[in-house]
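Analysis of the macromolecular model
Listed below, chain by chain, are the residues.
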Amino acid sequence: MAKSLTTYLDELRDSRVWRSIFRSGPGQSNLHHALVVQSNVFLHLFSVKARKRVLDFSVTWYLGALTFGAFLILVITGVLLMLYYHPAVPLAYTDMKDLQFVVSSGVFLRNLHRWSAHAMVLLVFAHMFKVFYRGAYRPPREFNWVIGVVLLLITLFLSYTGYLLPWDQLAYWAVTVGSNIASAVPVFGHRIRFLMLGGNLVNANALLRFYVLHCMILPLTAIFFIAIHFWRIRKDGGLYAGAPTTIAEKEEER
Amino acid sequence: MSDEKDFVAGFDSNVRKAPVRVAFVTRRTSPQVKVADEDQLMTHPGVFFRVAVAVELLAIALVTLALLWDAPLEGLADPMHTPNPAKAPWYFLGLQELLHYFPPVVAGVLIPTLVVIALIVIPYFNINIQAESLWARDGVRRLRIVALVAVVLCVFLAVFDVWVALVPTVIVAAFMFMAARSSAQSVSRLRRWLYSKPLSFWIMTWFLAEAAVLTAIGTFFRGPGWSWVWPWRG
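Residues numbered from 1 in each chain as written. Chains lettered and ligands numbered in written order. Predicted model: local features only at pLDDT ≥ 70, side-chain atom pairs only at ≥ 80, totals over all residues.

Side note on the overall build of chain B
Each helix and strand counted, chain B has 7 helices and 3 strands in total. In sequence order, the secondary structure elements of chain B are arranged as β-β-β-α-α-α-α-α-α-α. Per-residue burial over chain B gives 15% buried out of 234 residues. Of the contacts made within chain B by residues no fewer than 6 positions apart, 50% connect residues no fewer than 24 positions apart. (Helix = DSSP H or I, 4+ residues; strand = E, 2+ residues; numbered from the N terminus. Buried ≥ 20, exposed ≤ 12 C-beta atoms within 10 Å, placed from the backbone. Contact = placed C-beta atoms within 7 Å.)

Okay, here's the thing in structure tokens:
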């Protein structure tokens with residue numbers, strides 16, 4: 001008379017405590033599945049249903065979802081890296097060496113963070129071009145496209161600020177090249193550069209500023225805009241599926 | 001199927017509410033008109049499951065990459081010792097390549113600002129929402145304008161010695177001429193496909209080609225003093 005695992009799970013879902021947290025309770029009906037999405041503060045950003053044909057891999061290549069996946073990996077590995085990192089000169093660099101020789105799986109952690117960052121930049125660009133070529137930016141989705149452009153810029157700044165943190169030659173001179181471009185802005189160029197670096201040269205102040213931007217300000221801004229980006233998909237009519245099927249086409253299918 | 005009609009008719013099946021109701025919906029006018037019920041999938045669990053699988057596959061790929069290749073780490077940062085060449089991260093190397101030809105205020109400030117503004121305003125151009133072919137109307141006049149723009153752009157790039165940006169421009173222009181010489185009845189599938197593309201497609205494709213070529217050249221083909229090097233030599 002052993003009960004199956006699903007029975008136990010259903011009993012758990014039906015318990016008073018569980019139902020006080022997740023309102024939907026047990027069940028397999030469409031109403032139940034809709035409630036799971038609607039009654040969850042995070043999931044309610046999404047619509048409860050999606051058109052089937054938009055879920056074929058060839059339609060979107062899942063690029064938006066994959067970008068978000070890369071972001072999640074970066075948050076997790078990034079928080080773990082913060083445990084071993086001091087944003088100071090030259091401690092930042094010796095921490096890289098500690099990751100290499102002292103911390104268990106330290107090299108793997110840094111590798112995963114680095115490659116995921118490159119992957120995210122690539123995926124964001126790919127997502128943008130795919131959305132453009134599908135025409136998914138057209139009204140009523142104009143503003144979600146604009147938010148997408150903002151998220152592209154945030155991604156580039158996140159990657160760029162992270163680039164300095166290892167404090168090796170590669171990081172130092174890449175950021176020097178980048179910050180020199182900022183000083184080419186007419187009139188305010190040198191002030192912008194001073195504000196960005198906390199000085200006239202890339203030094204310990206710049207490292208601290210980039211660290212705060214990279215670990216606090218930019219990720220929080222990204223999460224803010226990602227939430228709006230997801231929610232707007234629902235508000236603007238769901239995942240874009242191209243031109244709607246006409247009744248005539250529907251008849252032809254049958 | 002008669003090709004002449006530009007609409008489809010639908011009937012409401014609820015006799016009580018609508019004894020006879022005929023709706024005329026013109027074809028391809030608005031992406032918001034729902035003309036037929038579509039097969040749908042519940043987000044939970046259907047869509048979430050597929051997304052989870054996609055993200056897991058990405059995670060597996062990235063973990064494999066992280067196990068096989070180490071992230072670069074050079075010596076401690078030294079302000080007194082400039083490496084040659086000093087390169088920005090790869091996604092800025094297209095801009096750094098442009099810095100080689102134009103003054104910093106153009107390549108580093110003007111061009112990126114214009115690109116970002118152009119990207120933002122794209123969806124606010126409510127012209128040609130049906131994505132009609134560039135050559136569908138006024139084909140000859142449009143071809144002349146395209147030719148003029150292409151020639152001016154090529155001369156401009158040649159004057160500044162930007163040969164690397166000239167090549168993608170010439171290639172995209174060649175495809176545009178090929179499209180202009182095609183029609184919806186062309187035998188070749190490629191020609192029919194090229195013919196069907198609107199202006200926005202051509203502009204974005206040119207931008208994508210330029211960005212890809214400049215980034216690749218900045219990444220692989222530039223050595224000491226930003227001189228040209230072949231990546232397979234050395």
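Here the narrative resumes, following the displayed structure.
Digging into the overall build of chain A
Of the regular secondary structure elements, chain A holds 12 helices and 1 strand. Each helix and strand of chain A, ordered N terminal to C terminal, gives the series α-α-α-β-α-α-α-α-α-α-α-α-α. For a compact globule of 254 residues, the expected C-alpha radius of gyration is about 18 Å, and chain A comes in at 23 Å, more than 25% above that figure. Principal axes of the C-alpha set define a box for chain A whose edges measure 65 × 55 × 30 Å. The 254 residues of chain A split such that 35% are buried. Considering only intrachain contacts with a sequence separation of at least 6, the fraction spanning at least 24 residues in chain A is 64%. (Rg over C-alpha atoms; globule rule 2.2 N^0.38 Å.)

Details of the interface of chain A and chain B
Taken together, the contact pairs 72 residues of chain A with 65 residues of chain B. Among the elements that line the side of chain A that touches chain B, the one with the most residues is helix 7 (residues 106-134) of chain A, at 12 residues. Considered class by class, the residues forming the side of chain A that touches chain B number 48 nonpolar, 14 polar and 10 charged. (Nonpolar A, V, L, I, M, F, W, Y, C, P; charged D, E, K, R; others polar.)

Examining the environment of leucine 143 of chain B
Relative to the assigned elements, leucine 143 of chain B resides in helix 4 (residues 139-159). Taking C-alpha positions, leucine 143 of chain B is 47 Å from valine 53 of chain B, a pair spaced 90 residues apart along the chain.

Notes on the packing of helix 5 (residues 63-82) of chain A against helix 1 (residues 43-68) of chain B
In the contact formed by helix 5 of chain A and helix 1 of chain B, the axes pass within 9 Å of each other and the chain directions differ by 55°. Of the possible angle classes, the one that applies to helix 5 of chain A and helix 1 of chain B is oblique. Crossing hand, helix 5 of chain A versus helix 1 of chain B: right-handed. Residues Ala65, Leu66, Gly69, Ala70 and Ile73 of chain A of helix 5 of chain A lie in contact with helix 1 of chain B, whose contacting residues are Val51, Ala54, Val55, Leu58, Ala59 and Leu62 of chain B. When its residues are assigned to classes, the contact of helix 5 of chain A with helix 1 of chain B shows 10 nonpolar, 1 polar and no charged. (Axes fitted to C-alpha atoms, helices over the stretch in contact; angles between N-to-C directions. Parallel < 35°, antiparallel > 145°, perpendicular 65-115°, else oblique. Left-handed = near helix turned anticlockwise from the far one by under 90°.)

Section: the confidence of the model for chain B
Mean pLDDT over chain B: 86, with 83% of residues reaching 70 or higher. Scoring the predicted complex yields pTM 0.88 and, for the interface, ipTM 0.92. (pLDDT = per-residue confidence, 0-100.)

Brief notes about the environment of leucine 55 of chain A
On the secondary structure map, leucine 55 of chain A appears in the loop between strand 1 (49-51) and helix 4 (57-60). Owing to 18 C-beta atoms within 10 Å, leucine 55 of chain A belongs among the partly exposed residues under this scheme. The sequence separation of leucine 55 of chain A and leucine 239 of chain A amounts to 184 residues, and the corresponding C-alpha distance is 9.0 Å. Every residue in contact with leucine 55 of chain A, bar those within four places of it in the chain, is listed here: Ala50 of chain A together with Leu41, Val47 and Arg50 of chain B.

Thoughts on helix 6 (residues 91-101) of chain A
Residues and elements named next belong to chain A. When helix 6 is considered as a whole, its buried residues turn out to be Ala92, Tyr93, Asp95, Met96 and Leu99. Down the axis of helix 6, the smallest arc covering the buried residues is 155°, so these residues share one side. Buried residues along helix 6 sit against helix 7 and helix 11 (204-235). (Arc of directions from axis to C-beta.)

Some points on unusual backbone geometry
Geometrically, the link from valine 89 of chain A to proline 90 of chain A is a cis peptide bond, its omega value of -5° lying close to zero. Tracing the backbone through its elements, the reader meets proline 90 of chain A in the loop between helix 5 and helix 6. Residues asparagine 84 of chain B and proline 85 of chain B are joined by a peptide bond in cis, for which omega reads 0°. Structurally, the position occupied by proline 85 of chain B is in the loop between helix 1 and helix 2 (93-99). One non-glycine residue, tryptophan 226 of chain B, lies in positive phi territory at about 60°. Looking at the element boundaries, tryptophan 226 of chain B is found in the segment after helix 7 (199-220).

Focus on the nonpolar core
Membership of the largest hydrophobic core comes to 63 residues, with the highest contact counts inside it found for Ala70, Met120, Leu164, Trp167, Ala171 and Ala174 of chain A. Examining the composition of this core, we find that 11 residues originate from one element, helix 7 of chain A, more than from any other. Core analysis: the next-biggest nonpolar cluster, separate from the first, contains 6 residues, Leu134, Met176, Ala179 and Tyr195 of chain B among them. (Core = buried A, V, L, I, M, F, W, Y, C linked by C-beta atoms within 7 Å.)

Overview of helix 7 of chain A
Since the α-helix turns once every 3.6 residues, residues separated by three or four places project in the same direction. Relative to the 42 Å expected for 29 residues at 1.5 Å per residue, helix 7 of chain A spans 41 Å between its end C-alpha atoms, a close match to the ideal helical length. The first or second residue beyond helix 7 of chain A is glycine 135 of chain A, which carries a positive phi of 75°. (Expected span 1.5 Å × (residues − 1).)

Re the packing of helix 8 (residues 142-164) of chain A against helix 11 of chain A
To describe two helices that pack against each other, one gives the angle between their axes and the distance between the axes. Residues and elements named next belong to chain A. Between helix 8 and helix 11, whose axes approach to 9 Å, the crossing angle comes to 160°. Comparing the axis directions of helix 8 and helix 11 gives the class roughly antiparallel. Taken as a pair, helix 8 and helix 11 cross one another with a handedness that is left-handed. Looking at the contact of helix 8 with helix 11 residue by residue, the classes come out as 18 nonpolar, 7 polar and 1 charged.

So, the confidence of the model for chain A
Of the residues in chain A, 94% reach a pLDDT of 70 or more, and the chain-wide mean stands at 91. Confidence, expressed as mean pLDDT per element, reaches its minimum in chain A at helix 12 (residues 247-253) of chain A with 59 and its maximum at helix 5 of chain A with 97.

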